[in-house]
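These are the residues of each chain, in order.
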Amino acid sequence: MPERMSDDTSKIIKTSRKKSKGISKDDIFITGSIDIPFLALTIALLTIGLVMLFSASYPYAYYKHNHDSFYFFTRQIIFAVVGLIAMFVMSKFNYKLLKVVVVPLLAVTILLLIIVLFYHTNVGGADDSDFKRWIPLPGGFTFQPSDLAKFTLILTFASYISNYYGKMRKFRYGILYPLGIIAIFCGLIFLEHHMSCTILMFFIGATLMFVGGSDWKLFAFGVALLILVIFVVVTFPEMIENYAGDRIKAWLDKDFDPSGGRWQTNNSLYAIGSGGFFGTGLGNSKQKYLYVSEPQNDFIFSIVCEELGFLGAAIIIFLFGALVVRGFIIAARCHDKFGGLLTIGVVAQIGIQVAFNIMVVTDTIPNTGIALPFFSYGGTAILMLLFESGVVLSVSRKSSQQKV
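Worth saying up front: this structure is predicted, and the values here are computed from it rather than measured.

Topic: the overall build of the protein
A count of helices and strands for the protein gives 14 helices and two strands. Here the protein holds 404 residues, and the buried ones make up 46% of them. In the protein, of all internal contacts separated by at least 6 residues, the share reaching a separation of at least 24 is 73%.

Here you go:
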């Protein structure tokens, strides 16, 4: 009997000690297998993206960076490796710990978005003197706060909606407060002359509001209002600042400034058209030789179409679609609202960005300068994208789904 009492006392003491520590090891790290299809799709898109980045960029890199054809590829590889490490590390951590950093991360992100307005570098040279997007770092690297802002918005909304899910149908909680958060991000990014990211941030926030339970009637009214604003802007492009207005004019009038405003889009269409069904072959693009401006960035998909053809482009679009669908499956099978919303936010960001990029390079919408995930050059972008993929993989460990 004394021995039994001693054992019980020992268990109580151990339990109390565990509680006194606050967070146990099980609260920090997650066991279980990650979602293999999502991981495989991520690695496949990253690998194809790196190959196409080198193929699309080496002529421009040779011309612009002291005959160094590997300039963009080498830098992208560095950030991709760091991003992969971040992805696998994050996949082991409990995604719920991100709730702890919501407020500090929100404050830091807003501070960086303000700093870049006054302390920035012009990545594209003199022609980009009005763009305030990149903070210079040692070693010739730059940091783009808007890439961090995408994840911060997703995390903020996931935390907010999971806390106030029962009140999201009310105007104040479901419309007013979320729109206020979106307005802060979009307003600061718009001041950077970063129209594409401004639009992307709005759609990410709107997607999470809709999924989070905002009153669909009020939401529909907002969508109708947005369509009206777009119609007015397209009809009267002179209403907005010059660079954005000129891009709308160039989209509406196919003969507008062929050596300037239409140059990149026209050459993008030439590249896509010359690719045919099977493409000219990897490395055989002609338009990347200083015809498509900075082919490693927003218009890299046109080089993809030229070299890999309709078939290769269709396969890549299928891979992106499969990644988004798999993300929604992970979210649907997650019993935690916070984890589900995080996952939806990440895959919505990828899906919306891919759709907008392809519509831009095919001249379906005006040139907004939006990057193609996993393909376009950008260290901050690829690092954050892989980290966000790690968040999804962390959620997948907790999801009650069959692993395949």
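Some thoughts on the pattern of salt bridges
Applying the stated rule across the entire model yields five salt bridges. Residues K150 and D147 are paired through a salt bridge, measuring 3.3 Å at the closest nitrogen-oxygen approach. Taken together, the residues span about one helical turn, with K150 and D147 both in helix 6 (residues 145-163) at a distance of three residues. Taking relative accessible area as the criterion, D147 reaches 8% and is therefore assigned buried. A salt bridge links K288 to E307; its shortest N-O distance comes to 2.9 Å. Of this pair, K288 sits in the loop between helix 11 (263-275) and helix 12 (300-332) while E307 sits in helix 12, placing them 19 residues apart in sequence. The pair formed by K288 and E307 is uniform in burial state, with each residue classed as buried.

So, the packing of helix 12 against helix 13 (residues 337-361)
Two measures define how a pair of helices packs: the angle their axes make with one another and the distance between the axes. For the pair helix 12 and helix 13, interaxial distance at closest approach is 9 Å and the crossing angle is 160 degrees. Relative to helix 13, helix 12 is oriented roughly antiparallel. Crossing handedness for the pair helix 12 and helix 13: left-handed. The residues of helix 13 that touch helix 12, namely those facing F301, I317, F320, L323, V324, G327, F328, I330 and A331, are G340, T343, I344, V347, I350, G351, V354, N357, I358 and V361. Of the residues belonging to the contact of helix 12 with helix 13, the class tally is 14 nonpolar, five polar and no charged.

Looking at helix 6
Here helix 6 spans 27 Å end to end across 19 residues, near enough to the 27 Å set by a 1.5 Å rise per residue. Where burial is concerned, most of helix 6 is hidden: 18 out of the 19 residues are buried.

Side note on the side chain of S214
Along the chain, S214 falls in the loop between helix 8 (195-212) and helix 9 (216-235). Here the side chain of S214 touches G174 through a polar contact of 2.6 Å, landing on its backbone oxygen. If sequence neighbours within four positions are ignored, S214 has contacts with M168, G174, I175 and M209.

Description of the packing of aromatic side chains
Under the defined criterion, the tally for this structure stands at 17 aromatic pairs. One Lys or Arg, K99, reaches over the ring of F338 and ends 5.1 Å from the middle of that ring.

Points about the side chain of R75
Structurally, R75 is set in helix 4 (residues 71-92). Despite being buried, R75 has no salt bridge partner; D68 is the closest side chain of opposite charge, sitting 7.2 Å away. Beyond its immediate sequence surroundings of up to four residues, R75 is in contact with G139, G140, F141 and Y377.

Remarks on the environment of G345
Note that G345 resides in helix 13. Taking C-alpha positions, G345 is 9.6 Å from G327, a pair spaced 18 residues apart along the chain.

Some remarks on the nonpolar core
In terms of nonpolar packing, the biggest core is built from 93 residues, with F320, L342, F374 and F375 touching the most fellow members. Filtering out sequence-adjacent residues up to four positions away, F320 remains in contact with L45, I350, V354, L372, P373, F374 and F375.

Observations regarding helix 13
In a regular helix each residue adds 1.5 Å, so 25 residues correspond to 36 Å; helix 13 covers 36 Å between its end C-alpha atoms and thus fits that length. Most of helix 13 sits inside the fold, with 21 of its 25 residues counted as buried. Of the residues flanking the end of helix 13, it is D363, one or two places downstream, whose phi is positive at about 65 degrees.

Structural notes on the packing of helix 4 against helix 14 (residues 379-398)
Two numbers describe how helix 4 lies on helix 14: the axes approach to 7 Å, and their chain directions differ by 20 degrees. Accordingly, the angle class assigned to the pair helix 4 and helix 14 is roughly parallel. Note that helix 4 runs across helix 14; the crossing there is right-handed. Across the interface between the two elements, Q76, F79, A80, V82, G83, L84, A86, M87, M90, S91 and K92 from helix 4 touch G379, I382, L383, L386, F387, S389, G390, V391, L393, S394 and R397 from helix 14.

Parameters and conventions
- Residues numbered from 1 in each chain as written.
- Predicted model: local features only at pLDDT ≥ 70, side-chain atom pairs only at ≥ 80, totals over all residues.
- Heavy atoms only, no water.
- Helix = DSSP H or I, 4+ residues; strand = E, 2+ residues; numbered from the N terminus.
- Buried < 20%, exposed > 50% of the residue type's maximum accessible area, 1.4 Å probe, protein only.
- Contact = heavy atoms within 4.5 Å.
- Salt bridge = Lys/Arg side-chain N within 4 Å of Asp/Glu carboxyl O.
- Axes fitted to C-alpha atoms, helices over the stretch in contact; angles between N-to-C directions.
- Parallel < 35°, antiparallel > 145°, perpendicular 65-115°, else oblique.
- Left-handed = near helix turned anticlockwise from the far one by under 90°.
- Nonpolar A, V, L, I, M, F, W, Y, C, P; charged D, E, K, R; others polar.
- Expected span 1.5 Å × (residues − 1).
- Polar contact = N/O pair within 3.5 Å; in protein donor to acceptor, adjacent residues only side chain to side chain.
- Phe/Tyr/Trp six-rings, centres within 6.5 Å; stacked < 30°, edge-to-face > 60°.
- Lys NZ or Arg CZ within 6 Å of the ring centre and 35° of its normal.
- Lys, Arg positive; Asp, Glu negative; His and termini not counted.
- Core = buried A, V, L, I, M, F, W, Y, C linked by side-chain atoms within 4.5 Å.

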